[in-house]
Number of protein chains: 2
Amino acid sequence: MVSAKQRRHQQVLEILQETGTATVGEMGTRLGVTEMTIRRDLELLEADGVLKRFHGGAKLDFGSSYEPPFPVREKTNAEQKRLIGQRVASLIDDGDTIILDGGSTGLAVAEYLLDRQLTICPLSLRVAWAFARSTSVKLIIPGGSVRPGELSLSGADTIDYLRGRHFDTYVMTASGLSLNEGFTEWNPEDAAVKKTAVSVADKTITAVDSSKFNRVGFVKICPTQVPAAIVTDGGATSENLEKLRRQSQGVIVAE
Amino acid sequence: MVSAKQRRHQQVLEILQETGTATVGEMGTRLGVTEMTIRRDLELLEADGVLKRFHGGAKLDFGSSYEPPFPVREKTNAEQKRLIGQRVASLIDDGDTIILDGGSTGLAVAEYLLDRQLTICPLSLRVAWAFARSTSVKLIIPGGSVRPGELSLSGADTIDYLRGRHFDTYVMTASGLSLNEGFTEWNPEDAAVKKTAVSVADKTITAVDSSKFNRVGFVKICPTQVPAAIVTDGGATSENLEKLRRQSQGVIVAE
DNA sequence: GTAATATGAACAGCATTAGTGTTCGATTAA
DNA sequence: TTAATCGAACACTAATGCTGTTCATATTAC
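Residues numbered from 1 in each chain as written. Chains lettered and ligands numbered in written order. Predicted model: local features only at pLDDT ≥ 70, side-chain atom pairs only at ≥ 80, totals over all residues. Heavy atoms only, no water.

### So, the overall build of chain A
The condition that has to hold: Under the scheme used here, helices are H or I runs from DSSP no shorter than 4 residues and strands are E runs no shorter than 2 residues, and both carry numbers assigned from the N terminus. It is over C-alpha atoms that the radius of gyration is taken, and the globule rule equals 2.2 Å times the number of residues to the power 0.38. Categorising residues by exposure relies on relative accessible area from a 1.4 Å probe, with only protein chains included: less than 20% of the type maximum marks a residue as buried, more than 50% marks it as exposed, and the intermediate range marks it as partly exposed. Residues are treated as being in contact if the distance between any of their heavy atoms lies within 4.5 Å. Areas reported here follow the Shrake-Rupley algorithm with a probe of radius 1.4 Å; residue values treat only the protein chains shown as occluding. The charged-residue count follows a simple rule in which Lys and Arg add positive charge and Asp and Glu add negative charge, with His and chain termini not counted at all. All charge positions are set by atom: Lys at NZ, Arg at CZ, Asp at CG, Glu at CD.
Counting its regular elements, chain A contains ten helices and 15 strands. A compact globule built from 255 residues would reach a C-alpha radius of gyration of about 18 Å, and chain A, at 19 Å, matches this within 12%. Taken across its 255 residues, chain A has 53% of its residues classed as buried. Taking contacts inside chain A between residues at least 6 apart in sequence as the whole, the part at least 24 apart equals 58%. Of the roughly 11,300 Å² of accessible surface on chain A, a fraction of 49% belongs to carbon and sulfur atoms. Side chains of chain A give 30 positive and 32 negative charges; the mean places of these two sets differ by 2 Å.

Pasting the structure below:
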């Protein structure tokens, strides 16, 4: 069950996503609570690193990156990501050795792999932690630096680690999916790791929710033809899906 | 503040540590609560993997290892470990590069390093996760397998990772500290990593609460002379402390 | 510098949750 | 079978969490 507070927090983020900024009074009126309540919400959300307050209101905090911070992404399209995670998990065979990407979508996949018999190499500390309580998954961690906020593992150590091994499947996520540019990522370090992961895995399965469609990040990871399967949700236009099908090995809509 | 429930859980564990097993009625009487309350406690503690219930009572669950599982150790000597953690943190200079051991004592040290300006290489996923929310610590993870339950990082990958680097300080913990055998560890894999860590750090600081005194694990890590400092709590006998002082570089009693 | 506005600490009231005890039918061990 | 133990369900109480109000302080706009 979600508390009224959690729901309100999400609504605050939605309001901020409309226009980028909003005043305390405006949010209070729209959500039917006093300004003091909004201030307390903003205080918590700011501590989460999700937004920045200013005198009179708040604005979303993209920081130095080009996409919203993890807590925002996790709250966005949560249900679609859950469905995608479930579907991706169904494509994985017991006993396999898996590289699993970070990000909110990767975490959604992880939830459905907890009780499976697998060897998993997560590319994010957050995903690694999700498997900590699993007794059936054998967890191996690649060395590397942990990127603040995102908690992804990257750098030369991570790449070296992957290069020295071979995996059955790489479950990839991405910042953007465009018909022309393929899969792209904002963070260059993460992109370098992803490229390596593609090259050391037998097959790549890509999990992207529909909000990623027609978005292009800073660094290319791979073209749409590379993944053995692209799993997405029903939010994409049928035109986009049709075109994507023609230039990829297979598109699966999770629902 | 500790809730009455937490305190009672600890007392339940203490009772079990006396004799190994106890009946529900016995525990209820000694702690001044009804049997139903004890049953509910046991249910939770069993879910934590701390004990095993049987009809009429419960017994401590050491599983296949030679020391109690993490949740038990974390609840044992908690206050002493906190003090030790604080004291160890005071020995570390800003800007340093640190290897930080896992275990409940390592976690206690971590709590006091969260806001420091450091580069930290944790040897356990649990400790790594503790630093995830820190903005001031630069976190680097050694590759390796995660040992279930303990969540320590070990194996050839971890050792290779450490060998390729150099650190200012290694904050070491251990299963046992004996005057004759030095520092010892039950788990051979962890011990191998610890030995490597000692060799790649300028200096080693050892954090062991007094319950470790005169206990000998399966594998030797290093003699008492090696660490630049041994930090412990006031629970050790003055005789032990005196002897230890004579055969080590320095003993610090945290209080 | 002043007025208007925004902020947050402190308190109070309310709602919700957590913790414990009691009862009683179901389950287990001897 | 019998006696003991177990746990689901309910009730009561304490504790905690959440929201609104007030008011002194801080900030911004003029």
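### Side note on the interface of chain B and chain A
The criterion, for reference: Summed over both partners, the accessible area (1.4 Å probe) lost when two parts come together is defined as the buried area. We define a salt bridge as a side-chain nitrogen of Lys or Arg found within 4 Å of a carboxyl oxygen belonging to Asp or Glu. For this analysis, a polar contact is any N or O atom pair within 3.5 Å, provided that within protein one partner can donate a hydrogen and the other can accept it, and provided that sequence-adjacent residues contribute only side-chain to side-chain pairs.
With 19 residues of chain B in contact, the opposing surface of chain A contributes 19 residues. Approximately 1,500 Å² of surface area, both sides summed, lies buried where chain B meets chain A, with 66% of it carried by carbon and sulfur atoms. Broken down residue by residue, the surface that chain B buries against chain A is led by L125(B), W129(B) and I141(B), which jointly contribute 37%. On inspection of chain B and its partner chain A, the count reaches two salt bridges. One salt bridge in this structure joins D157(A) and R165(B), with 2.5 Å as the shortest N-O distance. Where chain B touches chain A, the interface holds six residue pairs in polar contact (both at pLDDT 80 or more).

### So, the sheet that holds strand 12 (residues 201-207) of chain B
Two orientations exist for strands paired in a sheet by backbone hydrogen bonds: parallel and antiparallel. Note the cut-off: Whether two strands pair comes down to DSSP finding at least two bridges between them. Helix axes are fitted only over the stretch in contact, all axes being lines through C-alpha atoms; the angle between N-to-C directions runs from 0 to 180 degrees.
Taking strand neighbours across the sheet as the criterion, the nine strands line up as 8(A)-7(A)-6(B)-5(B)-4(B)-9(B)-12(B)-14(B)-15(B) in an open arrangement whose pairing is mixed. Only two strands of the sheet have a single neighbouring strand rather than two, namely strand 8 (153-154) of chain A together with strand 15 (251-254) of chain B. Across the sheet, helix 5 (residues 78-90) of chain B is in contact with strand 9 (167-172), strand 12, strand 14 (229-233) and strand 15 of chain B; its angle to strand 14 of chain B comes to roughly 150°.

### With respect to the packing of aromatic side chains
Operational definition: Aromatic pairing here means that ring centres of Phe, Tyr or Trp (its six-membered ring) are within 6.5 Å. Orientation follows from the plane angle: under 30 degrees is stacked, over 60 is edge-to-face, and everything else is tilted. Either the NZ atom of lysine or the CZ atom of arginine qualifies as a charge over a ring when it sits within 6 Å of the ring centre and within 35 degrees of the ring normal.
Summed over the entire model, instances satisfying the criterion amount to one aromatic pair over all chains. Plain terms: the ring middles of W129(A) and W129(B) are 5.3 Å apart, the flat faces sit at 5° to each other, and that makes the pair stacked. Of the two residues, W129(A) is situated in helix 7 (residues 125-130) and W129(B) in helix 7 (residues 125-130); the pairing between them involves two chains. Judged by relative accessible area, which is 26%, W129(B) ranks as partly exposed. For R126(B), the ring lying beneath its charged end belongs to F70(B), and the centroid distance is 3.7 Å.

### So, the protein's contact with DNA strand C
Note the threshold: Nearness is defined per residue: one heavy atom within 4 Å of the molecule or strand is enough. Under the convention adopted here, Pro, Cys and the residues Ala, Val, Leu, Ile, Met, Phe, Trp and Tyr are nonpolar, Asp, Glu, Lys and Arg are charged, and Gly plus all remaining residues are polar.
The local shell around DNA strand C holds 17 residues, among which R53(A), G56(A), R8(B), T37(B) and R40(B) are the closest. Backbone atoms, meaning sugar and phosphate, form 70% of the atoms of DNA strand C found within 4 Å of the protein. A distance of 3.2 Å separates a phosphate oxygen of DNA strand C from a polar side-chain atom of K5(B). In the model, a phosphate oxygen of DNA strand C is placed 3.0 Å from a nitrogen or oxygen of the T34(B) side chain. Counting only elements with at least two residues in the surface near DNA strand C, the list comes to helix 3 (35-47) and strand 2 (51-54) of chain A together with helix 1 (4-19) and helix 3 (35-47) of chain B. Class assignment of the residues belonging to the surface near DNA strand C gives a composition of five nonpolar, six polar and six charged.

### Here we look at the protein's contact with DNA strand D
Around DNA strand D lies a shell of 17 residues, among which R8(A), T37(A), R40(A), R53(B) and G56(B) are the nearest. Taking K5(A), its side chain carries an N or O atom lying 3.3 Å from a phosphate oxygen of DNA strand D. Within the side chain of R40(A), an N or O atom sits 2.6 Å from a base nitrogen of DNA strand D. For the surface near DNA strand D, the secondary structure elements donating two or more residues are helix 1 (4-19) and helix 3 of chain A together with helix 3 and strand 2 (51-54) of chain B. Within the surface near DNA strand D, the residues separate by chemical class into five nonpolar, six polar and six charged.

### Considerations on the pairing of strand 9 of chain B
Residues and elements named next belong to chain B. Burial within strand 9 is extensive, with five of its six residues counted as buried. Strand direction decides the pairing type here: strand 4 (residues 97-100) and strand 9, joined by three bridges, are parallel. Residue pairing for strand 9: I99 is matched across the bridge by Y170.

### Quick look at the packing of helix 2 (residues 24-31) of chain B against helix 3 of chain B
Residue and element names in this part refer to chain B. Basically, it comes down to this: Any angle that is under 35 degrees is reported as roughly parallel, and any over 145 degrees as roughly antiparallel; angles of 65 to 115 degrees are reported as roughly perpendicular and all others as oblique.
The N-to-C vectors of helix 2 and helix 3 enclose an angle of 110°; their axes lie 8 Å apart at closest approach. Put simply, helix 2 runs roughly perpendicular to helix 3. Counting all contacts with helix 2, which are made through V24, G25, M27, G28 and L31, the residues of helix 3 involved are E35, I38, R39 and L42.

### Thoughts on the packing of helix 1 of chain B against helix 2 of chain B
All names here are of chain B. This is how the line gets drawn: Crossings are sorted by hand: turned counterclockwise from the far helix by less than a right angle, the near helix makes the crossing left-handed, and turned clockwise it makes it right-handed.
The geometry of helix 1 relative to helix 2 is characterised by a closest axis approach of 11 Å and an angle of 125° between their N-to-C directions. One finds that helix 1 runs oblique with respect to helix 2. Considering the relative orientation of helix 1 and helix 2, their crossing is right-handed. Taking contact as the criterion, the partners of R8, Q11, V12, I15 and E18 in helix 1 are, on helix 2, M27, R30 and L31. A breakdown of the residues in the contact of helix 1 with helix 2 according to their chemical character gives four nonpolar, one polar and three charged.

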